[in-house]
Amino acid sequence: MRRKLDDMAGRLLLALAGVLHRGVASKQAVKSWKLRRNEVLRAAHRRGVPVEVLAARLGLTQSWVRYVIRNPRKAALEEAA
């Protein structure tokens, strides 16, 4: 039962990460939105969503998703630059 709930929560978090990813519009909002997206992406990964699925859903490379999972703040700064 726990695995099923974690999988469902992970999928919901992945959907939220997708919305946040697409919702970034202004330069001022880029850093904060991407930080939030990265936090949600990491939470989805902790809940069992594989990197391959995260990358495919967000349209990012698997290596970038792994980098974001390891160091989200540095990744957001690099994306904003």
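A. Highlighting the overall build of the protein chain. If you tally the helices and strands in the protein chain, you get five helices and zero strands. Walking the protein chain from its N terminus toward its C terminus, one meets helices and strands in the order α-α-α-α-α. Counting only residues that meet the buried cut, the protein chain has 36% of its 81 residues in that class. At a minimum sequence separation of 6, the contacts of the protein chain that also span at least 24 residues come to 59%. Accessible surface, the protein chain as shown: approximately 5,200 Å² in total, 56% of it carbon and sulfur.

B. Main features of the packing of aromatic side chains. For the coordinates displayed, the defined rule picks out one aromatic pair. For the pair Trp64 and Tyr67, a centre-to-centre distance of 5.3 Å together with 40° between the ring planes defines the contact as tilted. Of this pair, Trp64 and Tyr67 both sit in helix 4 (residues 62–70), separated by three residues, roughly a single helical turn. On the basis of relative accessibility, which here comes to 18%, the residue Tyr67 falls in the buried class.

C. The environment of Ser63, seen in detail. Inspection of the secondary structure puts Ser63 in helix 4. Accessibility expressed as a relative area gives 52% for Ser63, which makes it exposed. When the C-alpha positions of Ser63 and Glu52 are compared, they lie 9.6 Å apart, and in sequence the two are 11 residues distant. One polar contact links Ser63 to Thr61, side chain to side chain, over a distance of 3.3 Å.

D. Layout of the side chain of Asn38. Checked against the element boundaries, Asn38 lands in helix 2 (residues 27–46). Its relative accessible area of 0% is what places Asn38 among the buried residues. Once you skip the residues sitting within four places of it in the chain, Asn38 turns out to touch Val68, Pro72, Ala75 and Ala76.

E. The nonpolar core, seen in detail. Ranked by size, the top nonpolar core spans 17 residues in total, and within it Leu41, Leu54, Val65 and Ile69 carry the most contacts. For this core, the elements supplying multiple residues, two or more each, are helix 1 (2–22), helix 2, helix 3 (51–58) and helix 4. Once residues lying within four places of it in the same chain are set aside, the contact partners of Ile69 are Leu41, Arg42, His45, Val51 and Leu54.

Reading the values: rules and limits
Residues numbered from 1 in each chain as written. Predicted model: local features only at pLDDT ≥ 70, side-chain atom pairs only at ≥ 80, totals over all residues. Heavy atoms only, no water. Helix = DSSP H or I, 4+ residues; strand = E, 2+ residues; numbered from the N terminus. Buried < 20%, exposed > 50% of the residue type's maximum accessible area, 1.4 Å probe, protein only. Contact = heavy atoms within 4.5 Å. Areas by Shrake-Rupley, 256 points an atom, 1.4 Å probe, with all protein chains shown as cover. Phe/Tyr/Trp six-rings, centres within 6.5 Å; stacked < 30°, edge-to-face > 60°. Polar contact = N/O pair within 3.5 Å; in protein donor to acceptor, adjacent residues only side chain to side chain. Core = buried A, V, L, I, M, F, W, Y, C linked by side-chain atoms within 4.5 Å.

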